[in-house]
Amino acid sequence: MKVFTDFIRKIKQTKHFEFIAWTVIFFVLMMILYLYLIHANLSTAPKFVYTQF
Amino acid sequence: MKKLTAFLTALVLFLVSAAGMHFYAESRITVNNNAFSFWAIEKKFVAREALTKNINADTVAVFGSSEFQHGRKTPYHPGNMFAGNKFNMMLIGAGYYQSLSHALTLASIGNDLPTKEAVLFISPQWFRSDGVLPEPFSSRFSETHYIGMLQNPNLSKTTKTYIIERVKTLLKADPPALERTELYEKVLSGNASFSERLNYRLYTSFLKEKELQSVAIRMARDGIKKNASLSSSEREPDFQALMDQAGKDGEKENSGNPFFMDDSSYRLFIRPFLKAKKNQSVNGSYSTSPEYADLECFLHVCQDLGIRPLLVSLPVNGYWYDYTGFPKKERQIYYEKIRQVAKKYGAELADFADQEYTKYFFEDGVHIGKKGWVMINESIYRFYQKNKTDKTL
Amino acid sequence: MTFYEGYPFFSTLAVILLPAILIGMAGKPLKWYSTAATYLFIGLVFFNKPTQALYLAAYYVIQVAIVMGYLHLRRIKGRIVWMYRLALALSILPLIVSKLALFLDMDLFGFLGISYLTFRCVQIIIEAYDGVIESISVLEFTAFLLFFPSLSSGPIDRSRRFLSDWNTVYTREEYMELAGTGIYKILLGLIYKLVIASFFYQGMGMVNGAKDWYYVIAYAYCYGFYLFFDFAGYSLMAIGTSYILGIRTPENFRRPFLSIDIKEFWDRWHITLSHWFRDFLFSRFMIQSIRKKRFQNRLNAASAGFLVNMFVMGLWHGLTPSYILYGLYHGALLAVTERWQKKSAFYKTHKSKRWYRFASWFITLQLVMLGFYIFDGKLLWLLGF
């Protein structure tokens, strides 16, 4: 645990922390959007089930 | 300063990742075995590029409906019967696919079929009086195939016009898709504005990428390997032995329902509705339907593209249809009409009309089961073999 | 083309915002470019809706005449009540006509954004009467009224705040921070609207139409979250776009489902709308009531004020029984909350305890969801109307 908190503190102290954090945030947001558009079912066709065959 | 630069850095990383995913999918999509062909899921059927990239010199395009998703774990499903074989059926179809969808798909991929062979499983249930309905049609509609059809130079003008008009009527159920198909038509007929062409470029490249990647991911999930043991065997399955086995398996899986269905299907889909279904279809008929014109359209596509069709005329489960009161005479009229259509176009016909009362031909009331699959697979295999020897002679 | 929907809009938006970023980074003023972009987008969106375009044009001309005319009269004649009331009435008239016409199944003055544009005009007239706005140029008024990122559904900005941004020339550093935030908001808004809202929308579809109590609850929750992510997503995109054009349009949502009471909810939900009503209706009603001694005490005045305020907000959404009921419902909730917090000894002793805050949050969430259920017209449907 201590190692972890130290690690976090260390990262936060680095000069570029804010820059890296924003880069990660932007990257994750773009990836979520992209993966959603690629893999989600975007069909606008109405749902339909035959009542019987 | 930081935020906008961070965005630009992230954008570069994102573009690199997207390109990486693209090349992975691209390298993954073509497989060296026939598992892809026999793989029967919707994402594959609509993805034009994935289909054409996996068609080879031993591919017969096979169009049908929900039977492809039935009995996949039995040894009778073609994917299992022909595992490892060079011969492969590019299965295309699921519930709600009917003649028109298939005509459209064939018009899109027909030029890429080296064998020039296509099989169509014709279900009697397609021929209800209203034919294919707008909602199910639009739920199966593929825009990449539609574009492929529009771009096919070998398709005659009349066939193309028929398909376009039918699609426009049926897609009223899905206005955004209808709007896009109108855009495609406008752009590909060469009289679109600059912004419309740009619009088309942007959307179709997105659509292609979407199909490519979603098929590649689904392949990984469903265990369709790129490099499995090569499908190279030319050994013919022992159809007679399979037929005997199908009879025995059928008996084992039927603990006494009078329709010779599999117990699991019977319990789930038939028994709860037994009372309601009795004599419920006394006015049933498959003899007049717009589906006949759509079926002819499929055959027109075959003629235009020089494809030899095999029509598989599926029967209905006679025991069950008698119970629901569907008139025998109407069934015979229907089978005869299919024969007439086949004759008119010189199409080969695998006619199973006389198998209505073959025990264990069906899994339930309408889907072919063990014996059904063995007999139909054999007829398709013979069709492929015969054409092959014709060609070498 | 539709605002914030479909790839044609977003690809055009990207193309239009790119030069804005370059101009901003060069440290040059953005106001001319953003005004030109506004005209372009209005042209593109209303291009295939000629009737709406005509109404918008007529509306614009009428409002310019009213606002400029009133500002002029205010300068030369001073605070004259009847002139002020007349200007207000004329300014609201097109909105009332369009809502009434809709109620009678007609289309008169119905164009995308009329509900939101009216707030902007009325705000200028009220503040002119108050004496905080002395003059505004037609160009400035146009830029404020028609600013395209928030044209269709807000957020509702205030003219003085807007124009001070509009006239600001940012340094390169300032602008790059602003534009980065803008892009972040657009991306987040897209995820809200495309991914999360459509997820809840599918949930609504699954339980829609069933009257069992558990389906009703599931529907209400799905609808509530759908509404939030859809509208907050839109708002984020509108705000993000305006940031890139140098305008810091105010936020519209601030985690509304974490509210501990209904008063706090209206400080977190559709903030620019509720604050507009607070500043220009509620507080003015209160001042008048106290001055004219309409009520026995302040608490009664506040209760009446909440009811009137929310009733008008309900009417503004549309002249349907569900919207009006929604307004009265929230008005009543606010009045009851006000009384409870001012009078109850129980509240005063327990309000900062953890369990009280939790219970209060939980009850508030249920009341809010019931409110959305009314808003969607489902409560009246469930009761058989």
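Residues numbered from 1 in each chain as written. Chains lettered and ligands numbered in written order. Predicted model: local features only at pLDDT ≥ 70, side-chain atom pairs only at ≥ 80, totals over all residues.

Chemist: Mind laying out the overall build of chain B, listing which residues take part and the relevant values?
Modeler: Along chain B, the regular secondary structure elements total 18 helices and five strands. Whereas a compact globule of 393 residues would reach a radius of gyration of roughly 21 Å, chain B reaches 23 Å, a difference of no more than 12%. With respect to the principal axes defined by its C-alpha atoms, chain B has extents near 80 × 55 × 45 Å. Put simply, of all contacts in chain B between residues at least 6 apart along the chain, 85% involve residues at least 24 apart. (Helix = DSSP H or I, 4+ residues; strand = E, 2+ residues; numbered from the N terminus. Rg over C-alpha atoms; globule rule 2.2 N^0.38 Å. Contact = placed C-beta atoms within 7 Å.)

Chemist: Tell me what's going on with the overall build of chain C, and back it up with residues and numbers.
Modeler: Along chain C, the regular secondary structure elements total 16 helices and zero strands. Overall, the C-alpha framework of chain C stretches about 60 × 55 × 45 Å when taken along its three principal axes. For chain C, the residues scored as buried account for 37% of the 385 residues in total. When contacts within chain C are restricted to residue pairs at least 6 apart in sequence, those whose partners lie at least 24 apart make up 68%. (Buried ≥ 20, exposed ≤ 12 C-beta atoms within 10 Å, placed from the backbone.)

Chemist: Quick one: what's the story with helix 9 (residues 213-244) of chain C, residue by residue and with numbers?
Modeler: In this model, helix 9 of chain C (32 residues) spans 46 Å end to end at C-alpha, consistent with the 46 Å of a helix rising 1.5 Å per residue. Of the residues flanking the end of helix 9 of chain C, it is C:G246, one or two places downstream, whose phi is positive at about 85 degrees. (Expected span 1.5 Å × (residues − 1).)

Chemist: Provide a residue-level description of the sheet that holds strand 4 (residues 308-313) of chain B, including the pertinent values.
Modeler: Strands belonging to one sheet form pairs held by backbone hydrogen bonds; the direction of such a pair is parallel or antiparallel. All names here are of chain B. Read across the open sheet, the five strands follow the order 2-1-3-4-5; overall the sheet is parallel. Strands at the two margins of the open sheet, each flanked by one partner only, are strand 2 (88-92) and strand 5 (348-351). The mean inter-strand angle of the sheet, taken between neighbouring strand axes irrespective of direction, is 25 degrees. In terms of strand pairing, strand 4 meets strand 5 through four bridges, oriented parallel. Each residue of the ladder has a partner; that of L310, found in strand 5, is E348. (Pairing = 2+ DSSP bridges. Axes fitted to C-alpha atoms, helices over the stretch in contact; angles between N-to-C directions.)

Chemist: Let's hear about the interface of chain A and chain C: which residues, and what values?
Modeler: At the interface, six residues of chain A touch seven residues of chain C. A per-class count over the side of chain A that touches chain C returns six nonpolar, no polar and no charged. (Nonpolar A, V, L, I, M, F, W, Y, C, P; charged D, E, K, R; others polar.)

Chemist: Let's hear about the packing of helix 6 (residues 138-146) of chain C against helix 7 (residues 159-166) of chain C: which residues, and what values?
Modeler: The angle between the axes and the distance between the axes are what describe a pair of packed helices. Residues and elements named next belong to chain C. Two elements in contact, helix 6 and helix 7, have axes whose closest approach is 10 Å; the angle formed by their N-to-C orientations is 105 degrees. It follows that helix 6 is roughly perpendicular to helix 7 by the angle criterion. Counting all contacts with helix 6, which are made through E140, A143 and F144, the residues of helix 7 involved are S159, F162, L163 and W166. (Parallel < 35°, antiparallel > 145°, perpendicular 65-115°, else oblique.)

Chemist: Summarise the nonpolar core; cite the residues concerned and give the values.
Modeler: Among the nonpolar cores identified, the biggest contains 95 residues, and A:F26, C:I125 and C:A179 are the most heavily contacted of them. Here this core gets 16 residues from one element, more than from any other, and that element is helix 9 of chain C. (Core = buried A, V, L, I, M, F, W, Y, C linked by C-beta atoms within 7 Å.)

Chemist: Quick rundown of the environment of C:L325? Include the residues and the values.
Modeler: Residue and element names in this part refer to chain C. Mapped onto the secondary structure, L325 falls in helix 13 (residues 321-343). Overall, L325 belongs to the partly exposed group, with 17 C-beta atoms counted inside 10 Å. Taking the C-alpha atoms as reference points, L325 and I374, separated by 49 residues in sequence, lie 7.2 Å from one another.

Chemist: Quick one: what's the story with the environment of B:A342, residue by residue and with numbers?
Modeler: All names here are of chain B. Here A342 lies in helix 17 (residues 328-345). Take A342: there are 21 C-beta atoms within 10 Å of it, and that puts it in the buried class. Residues A342 and E296, spaced 46 residues apart in sequence, show a C-alpha to C-alpha distance of 9.1 Å. When neighbours within four sequence positions are excluded, A342 is seen to be in contact with L311, A347 and L349.

Chemist: Give a detailed account of the interface of chain A and chain B, specifying residues and quantitative values.
Modeler: Taken together, the contacts link 17 residues of chain A with 27 residues of chain B. Grouping the amino acids of the side of chain A that touches chain B by side-chain chemistry returns twelve nonpolar, four polar and one charged.

Chemist: Give me the domain arrangement of chain C: which residues, what numbers.
Modeler: Residue and element names in this part refer to chain C. Assigned domains within chain C: domain 1 (31-166), domain 2 (172-244) and domain 3 (258-382). Of the residues lining the interface, eleven residues belong to domain 1; the matching set on domain 3 comes to seven residues. Mapped by element, the contributors of at least two residues to the side of domain 1 that touches domain 3 are helix 4 (81-103) and helix 5 (114-130). Examining the composition of the side of domain 1 that touches domain 3, we find that five residues originate from one element, helix 5, more than from any other. (Domains from an automatic or database assignment.)

Chemist: Outline the confidence of the model for chain C, supporting the account with residue identities and numerical values.
Modeler: Looking at chain C, the pLDDT average stands at 95 and 100% of residues meet or exceed 70. With pTM at 0.89, the complex prediction returns an ipTM value of 0.90. (pLDDT = per-residue confidence, 0-100.)

Chemist: With reference to specific residues and values, describe the pairing of strand 4 of chain B.
Modeler: Residues and elements named next belong to chain B. Burial within strand 4 is extensive, with five of its six residues counted as buried. When strand 3 (residues 117-122) meets strand 4, the two strands line up parallel, connected through six bridges. Following the sheet pairing, L120 is matched in strand 4 by L311.

Chemist: How would you sum up the packing of helix 15 (residues 291-305) of chain B against helix 17 of chain B? Please name residues and give values.
Modeler: Residues and elements named next belong to chain B. Between helix 15 and helix 17, the least distance of the axes is 11 Å, while the angle of their chain directions is 30 degrees. Looking at the two axes, helix 15 sits roughly parallel to helix 17. Seen from above, helix 15 lies across helix 17 with right-handed handedness. From helix 15, Y292, L295, E296 and L299 reach across to helix 17, where they touch K337, V341 and Y345. Classifying every residue of the contact of helix 15 with helix 17 by side-chain character gives five nonpolar, no polar and two charged. (Left-handed = near helix turned anticlockwise from the far one by under 90°.)

Chemist: Which residues make up the UniProt feature "transmembrane region" (unreviewed entry) in chain C, and what values do they have?
Modeler: Residue and element names in this part refer to chain C. Residues given the UniProt feature "transmembrane region" (unreviewed entry) here are residues 6-23, 53-71, 83-102, 182-201, 213-246, 323-340 and 355-375. Between the C-alpha atoms that bound residues 53-71 there is a distance of 27 Å. The span itself is 100% helix and 0% strand. For the annotated span residues 323-340, helix accounts for 100% and strand for 0% of the residues, and the straight-line distance between the end C-alpha atoms is 26 Å. (UniProt positions renumbered as here; feature names shortened; annotations may be inferred.)

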